[in-house]
Number of protein chains: 2
Amino acid sequence: MAVKIFLNEDELPRQWYNIAADMPNPMQPPLHPGTGQPLGPDDLAPVFPMNLIEQEVSQERWIDIPEPVLDKLLIWRPSPLYRAVKLEQHLKCPVKIYYKNEGVSPAGSHKPNTAIPQVYYNKVFGIKRIATETGAGQWGSALSFACSQFGLEAKVYMVRISYEQKPYRRLMMNTWGATCVPSPSTETEAGRKMLAIDPNSPGSLGIAISEAVEDAVTSEAHGRPLTRYSLGSVLNHVLLHQTIIGLEAEKQLAKTGDYPDIVIGCAGGGSNFAGCAFPFVRDKIAGKQVQIIAVEPTSCPTMTRGPFTYDFGDTVQMTPLLPMHTLGHGFVPAPIHAGGLRYHGMAPLVSQLVMDGLIEPRAVAQLETFAAGVTWARTEGFISAPETNHALAAVIQEAKKAKEEGKEKVILVNWSGHGLVDLAAYDAYFQGKLADHELPQEDIDQALKALEGFPKPKM
Amino acid sequence: MAVKIFLNEDELPRQWYNIAADMPNPMQPPLHPGTGQPLGPDDLAPVFPMNLIEQEVSQERWIDIPEPVLDKLLIWRPSPLYRAVKLEQHLKCPVKIYYKNEGVSPAGSHKPNTAIPQVYYNKVFGIKRIATETGAGQWGSALSFACSQFGLEAKVYMVRISYEQKPYRRLMMNTWGATCVPSPSTETEAGRKMLAIDPNSPGSLGIAISEAVEDAVTSEAHGRPLTRYSLGSVLNHVLLHQTIIGLEAEKQLAKTGDYPDIVIGCAGGGSNFAGCAFPFVRDKIAGKQVQIIAVEPTSCPTMTRGPFTYDFGDTVQMTPLLPMHTLGHGFVPAPIHAGGLRYHGMAPLVSQLVMDGLIEPRAVAQLETFAAGVTWARTEGFISAPETNHALAAVIQEAKKAKEEGKEKVILVNWSGHGLVDLAAYDAYFQGKLADHELPQEDIDQALKALEGFPKPKM
């Protein structure tokens, strides 16, 4: 019985899968917040290069991966598919558990799958420099790695409290040659404004986004190299790039003769989940029996408790209005340790598929996720990112359910990244400093009030 | 051109290679420090289980890897062999560079290759608990992982200053269920004695070894589960277990049609270097042309500036006398950031082969190693452990030399581990806080004075 299923390099997928071509109900368009009208490509041109905007709105089912992108992806791809034999033996449930190991990338997560093509498309469009924001640093480090591969400058605005408390991913960015500054910074109007109000501001993802977008759109005026902005999740083209995960997994599972009864991933903005799941959602649309579960924290229950409606993608209301499950752009989740899952919204493509009943959302409480992560580390050996532990908790739930039902099942889970730079979270767990908080309905209702009068998606 | 060469799981080597069977001059025996007589197996029995002692003195060329060990090694082995294409393109030298990626293990280094079999042999010998020491935590974390796999208790004495300043590897140990205490501790006679002298002692590897050995040999008397001690480098059986690296690399290189002109590894105690190099040293003994380079820091130049003589393996003079290159057991190297290379001695097997001209030692200064690591990160993508950067510096030296000589060469290097939990060292480098120190000859002479009157190896 093979524990690891490799693909040869010539089996690396040559195309990404665009689920827009197969959705029973098309995704509703992003709206201009001023006019309420659907957004045109030109509206996004100051922020993103046009070739990525074209991908964002493409309806083509298969999109060729450019050769220079394949060349860089080969640094760590195809990633191995593992059979979680040791966990299976521990659980004693009638399940086969396969996991896609995205922790083998230089940045230790799935994020480089989109950082590499994004930087490539910027480069061929003539962009010399990319600005972005990062919270705990997963995205900032992935983008820095990608920029070092293509010779572009990277400027990362990192939420100040993470910059100070979590130096390791910042140091990864430096090692790859990027410039990382704590946000709010004195380098943008938005940052200076925030510092004038509170010189000790711990920062937030919302402020950091404002700074990065401002940096991008004002770079030419400031005499900086031509700059665009880059986002690590939520948008269609980001999810598209991540589908290489699921496409590889399909080929690897085919070698085993197994097909998953259940596909599981954790979902913050939705990109690692979608990347693994969308090729199987396609099969489901075509009539195949497969259960697809997106796992979120109970402290930020976007899909399970948030309505599907138009909202801003960011807290500072700079983005277009996106049709998505949201807790309201002003919602501030409790400081759980899975920073990558603390997003108020959810990718519009994932949200639409939840509405269509093709994806089943599930919320898991924090302590259960860490318990799952510890079980994983002591069986499979690898230490998972706190985000990934949400998916692992659902795997264990489903394995036990299979035992109760007396059914044999095949489970595929996306192991989105390792937790070697997130060990402080495990420490807090072992020291009993973590707790589960049931999110009061009033808090959600309060945050959603800000959306009164916003356009509603057509159902 | 393939960037990664995988082995299937059924190609995993089934035997370790024991170089003792092929050495032109046999390794000289360890001596009892009291009597000066060669050590018998029984002398070691309170410290190690007899099955490992038998391996330590074995002259068999091939030693079967037990099935339960193979089963655990499959968690991450066979490890991939990578072609460093991006570095080759950057260097523009007439070389092919292959690297064995040992960073894919759960602990992120080569150390689990011996932790797994050591824990297994202890388990079949009836041992319930293992005590060990660790400096920066590489070995302690690997042993903790291995103990979690076989259900043994692990107790790690970690040098206090590392315990406080480098919490991440300690947290890895906790995640795998081990108990890790700062050394000196109040739990042993040795620790209490040290704390009585200096309650704020930062600890040292020497003290931590004393504590771990005392813990092992006194456990029964204290009513603890039956305990033995475990060491992560230097000893013959440790190097033996690591030969799986080179044996895999041989098979992988055979698939490419290439054979290395040069094999390179960094050497602290010698185990990762030996693990990759010994199968090629065997070829060299048999007449093959291959250059084998062991790289050490100029600040701890054991092989390049230390004599080959009998010395204690530890600073507190508890071990047998070992025949090795040494700077004297009292030698305290400058606090360079490659903690794994700060050992005063060198594995006896490696030392003997250096004496026989089969291994070429080379010392590299710290700044050059970090420069090499940064070049590596910005080409190959992966961030290396500071120890590994010593090997990479020699790779770059040899590539440039090949260009000067106008010769095409194939280089194999052991990429012994990633540096994601060692990023503080990169930070110090970027901030200009690191420097090269030429080690004064007086310091070495001074440390070697302690060896006056010690037995000398027969030459």
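Residues numbered from 1 in each chain as written. Chains lettered and ligands numbered in written order. Predicted model: local features only at pLDDT ≥ 70, side-chain atom pairs only at ≥ 80, totals over all residues. Heavy atoms only, no water.

Trainee: So what's going on with the overall build of chain A? Which residues, and what values?
Mentor: Within chain A, the secondary structure is distributed over 19 helices and 15 strands. Here chain A has a C-alpha radius of gyration of 21 Å; the compact-globule value for 459 residues is 23 Å, and the two agree. C-alpha extents for chain A along the principal axes are approximately 65 × 50 × 45 Å. Within chain A, contacts between residues separated by at least 24 positions form 76% of all contacts whose residues are at least 6 apart in sequence. Taken as a whole, chain A presents about 15800 Å² of accessible surface, with 52% of it coming from carbon and sulfur. (Helix = DSSP H or I, 4+ residues; strand = E, 2+ residues; numbered from the N terminus. Rg over C-alpha atoms; globule rule 2.2 N^0.38 Å. Contact = heavy atoms within 4.5 Å. Areas by Shrake-Rupley, 256 points an atom, 1.4 Å probe, with all protein chains shown as cover.)

Trainee: With reference to specific residues and values, describe the sheet that holds strand S11 (residues 291–297) of chain A.
Mentor: Residues and elements named next belong to chain A. The 7 strands lie next to each other as S1-S4-S5-S15-S10-S11-S14, forming an open sheet whose pairing is mixed. In the strand order of this sheet, the two ends are held by strand S1 (4–5) and strand S14 (360–364), each with one partner. Note: S1 against strand S4 (residues 81–83), 2 bridges, orientation antiparallel. Bridged to lysine 4 within S4 is tyrosine 82. On the sheet, helix H17 (residues 386–405) packs against strand S5 (95–101), strand S10 (262–266), S11, S14 and strand S15 (409–415) and is oriented at approximately 175° with respect to S15. (Pairing = 2+ DSSP bridges. Axes fitted to C-alpha atoms, helices over the stretch in contact; angles between N-to-C directions.)

Trainee: Describe the sheet that holds strand S6 (residues 129–134) of chain B, and please don't skip the residues or the numbers.
Mentor: All names here are of chain B. The 4 strands lie next to each other as S8-S7-S6-S9, forming an open sheet whose pairing is parallel. This sheet does not close on itself; its edge strands, each paired only once, are strand S8 (179–183) and strand S9 (227–229). Averaged over all pairs of adjacent strands, the angle between strand axes in this sheet comes to 25°, irrespective of strand direction. In terms of strand pairing, strand S7 (residues 153–159) meets S8 through 5 bridges, oriented parallel. Along S8, the bridge assignment pairs lysine 155 with threonine 179.

Trainee: Can you explain the domain arrangement of chain A? Please cite residues and give values.
Mentor: Residue and element names in this part refer to chain A. Structurally, chain A comprises domain 1 (3–12 + 70–108 + 245–451) and domain 2 (22–37 + 47–62 + 109–229). A C-alpha centroid distance of 23 Å is found between domain 1 and domain 2. Counting from both sides, the interface comprises 39 residues of domain 1 and, opposite them, 33 residues of domain 2. With both chains or domains summed, domain 1 and domain 2 bury close to 3100 Å², and 67% of this area falls on carbon and sulfur atoms. There are 2 salt bridges connecting domain 1 and domain 2. With a closest N to O distance of 3.1 Å, aspartate 422 and arginine 169 form a salt bridge. (Domains from an automatic or database assignment. Buried area = accessible area lost by both parts, 1.4 Å probe. Salt bridge = Lys/Arg side-chain N within 4 Å of Asp/Glu carboxyl O.)

Trainee: Would you mind going over the interface of chain B and chain A in detail, with residue names and values included?
Mentor: Contacts between the two partners involve 46 residues from chain B, matched on the other side by 46 residues from chain A. In this assembly, chain B packs against chain A so that about 3900 Å² is buried in total across both faces, 60% of it on carbon and sulfur atoms. Looking only at chain B, the three residues that lose the most surface to chain A are B:Tyr168, B:Thr175 and B:Leu420, adding up to 17% of its buried area. Where chain B touches chain A, the interface holds 4 salt bridges. For the salt bridge of A:Glu9 with B:Lys4, the shortest nitrogen-to-oxygen distance reads 3.2 Å.

Trainee: Describe helix H15 (residues 348–355) of chain B, listing the residues and the values that go with them.
Mentor: All names here are of chain B. Within H15, 7 of the 8 residues are buried, which leaves it mostly tucked inside the rest of the structure. Within the sequence span of H15, burial applies to Pro348, Leu349, Val350, Ser351, Gln352, Leu353 and Val354. Among the structural elements, helix H11 (236–242), helix H13 (271–285), helix H14 (302–305), strand S12 (308–312), strand S13 (321–325) and strand S14 (360–364) are those in contact with the buried residues of H15. Positive phi shows up at glycine 357, right after H15, with a value of about 75°. (Buried < 20%, exposed > 50% of the residue type's maximum accessible area, 1.4 Å probe, protein only.)

Trainee: Any chance you could break down the pairing of S12(B) for me, citing the residues and the numbers?
Mentor: Residue and element names in this part refer to chain B. Where burial is concerned, most of S12 is hidden: 5 out of the 5 residues are buried. Note that S12 and S13 share 5 bridges and pair antiparallel. Along S13, the bridge assignment pairs tyrosine 310 with proline 323.

Trainee: Requested: an account of the pairing of strand S5 (residues 95–101) of chain B, with residues and values cited.
Mentor: Residue and element names in this part refer to chain B. Counting buried residues in S5 gives 6 out of 7 residues, a clear majority hidden from the surface. Across 3 bridges, the pairing between strand S4 (residues 81–83) and S5 is antiparallel. In the sheet register, leucine 81 faces S5, and the bridge partner there is lysine 100. Examined bridge by bridge, S5 and strand S15 (residues 409–415) share 7 bridges and lie parallel to one another. For isoleucine 97, the partnering residue across the bridge sits in S15 and is isoleucine 411.

Trainee: I'd like a rundown of the relation of the copies chain B and chain A, residues and numbers included.
Mentor: Note on the copies: chain B fits chain A at an RMSD of 0.0 Å, the axial shift is 0.0 Å, and the rotation between them is 180°. Between the two chains, the operation in question is that of a two-fold axis. Most of the interface of chain B is mirrored in chain A, where 100% of its interface residues again form contacts. (Least-squares fit on C-alpha atoms with pLDDT ≥ 70 in both.)

Trainee: Tell me about the nonpolar core, and name the residues and values.
Mentor: Among the nonpolar cores identified, the biggest contains 168 residues, and A:Ile264 and B:Ile264 are the most heavily contacted of them. Among all residues touching B:Ile264, those that are not within four sequence positions of it are B:Ile293, B:Val295, B:Ala391, B:Ala394, B:Val395, B:Glu398, B:Ile411, B:Leu412, B:Val413 and B:Asn414. One finds A:Ile19, A:Leu44, A:Tyr98 and A:Val181 within the second-largest nonpolar core, a separate group that totals 53 residues. (Core = buried A, V, L, I, M, F, W, Y, C linked by side-chain atoms within 4.5 Å.)

Trainee: Describe the side chain of A:His418, naming the residues involved and giving the relevant values.
Mentor: On the secondary structure map, A:His418 appears in the loop between S15 and helix H18 (423–430). In terms of polar contacts, A:His418 uses its side chain to reach the backbone amide nitrogen of A:Leu420, at 3.2 Å. The contacts of A:His418, once residues within four sequence positions are left out, are A:Gly103, A:Gly108, A:Arg169, A:Ile383, A:Ser384, A:Ala385 and B:Leu420. (Polar contact = N/O pair within 3.5 Å; in protein donor to acceptor, adjacent residues only side chain to side chain.)

Trainee: Outline the pattern of salt bridges, listing residues and values.
Mentor: One pass over the structure, following the stated rule, counts 44 salt bridges over all chains. As a salt-bridge pair, B:Glu360 and B:Arg362 come within 3.2 Å of each other at their nearest N and O atoms. Look at the salt bridges and you will find they share partners, linking A:Arg77, A:Lys100, A:Glu102 and A:Glu248 into a network.

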